[in-house]
Amino acid sequence: MKTPAFAEPHGLPNDPVLPAYRDGSTLRVWCEHERTWHVHGLPAGPRASHCRCESSPLRGGYDLEEAGPFTTAIREQHGRERRGSHCPTCGPRQKH
Ligand SMILES: [Zn+2]
């Protein structure tokens with residue numbers, strides 16, 4: 001598979017560009033901080049953050065760059081998803 005090019009950011013300069021995976025009519029982006037998939041509508045581009053954790057580095061928004069279909073392999077590549085309501089990075093004491 002060809003490596004997607006991230007050469008042309010089109011969001012705000014400070015927004016991180018994240019690979020977004022196509023799942024039907026939605027795009028899924030992995031949030032490492034919260035260890036969960038945030039789901040957005042098409043098309044790719046700048047988005048307001050879906051992060052619920054106030055400490056997430058993605059809280060300020062991000063720019064989606066379509067990187068291919070959302071497959072089982074892609075899902076497994078990102079590891080275990082969060083369980084429960086607390087942020088897995090910040091721990092159970094902080095409720096977000
Ligand atoms: Zn998040």
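Bear in mind that the values here come from a model prediction, so they are computed numbers and not experimental data.

**Q** Would you explain the sheet that holds strand β5 (residues 62-69) in this entry?
**A** Working definition: the strands of a sheet are paired by backbone hydrogen bonds and lie parallel or antiparallel to each other. In spatial order, the strands read β3-β2-β1-β5-β4; together these five strands make up an open sheet with mixed pairing. A strand with exactly one partner marks an edge of an open sheet, and here the two such strands are β3 (36-41) and β4 (46-47). Taken together, the four bridges between strand β1 (residues 17-23) and strand β2 (residues 26-31) define a ladder with antiparallel strand orientation. If you follow Ala20 over to β2, its bridge partner there is Val29.

**Q** Is there a simple way to explain the environment of His40 in this structure?
**A** Looking at where His40 falls in the secondary structure, it is placed in strand β3. Every residue in contact with His40, bar those within four places of it in the chain, is listed here: Thr26, Leu27, Val29, Arg47 and Leu64.

Reading the values: the criteria
Residues numbered from 1 in each chain as written. Predicted model: local features only at pLDDT ≥ 70, side-chain atom pairs only at ≥ 80, totals over all residues. Pairing = 2+ DSSP bridges. Helix = DSSP H or I, 4+ residues; strand = E, 2+ residues; numbered from the N terminus. Contact = placed C-beta atoms within 7 Å.

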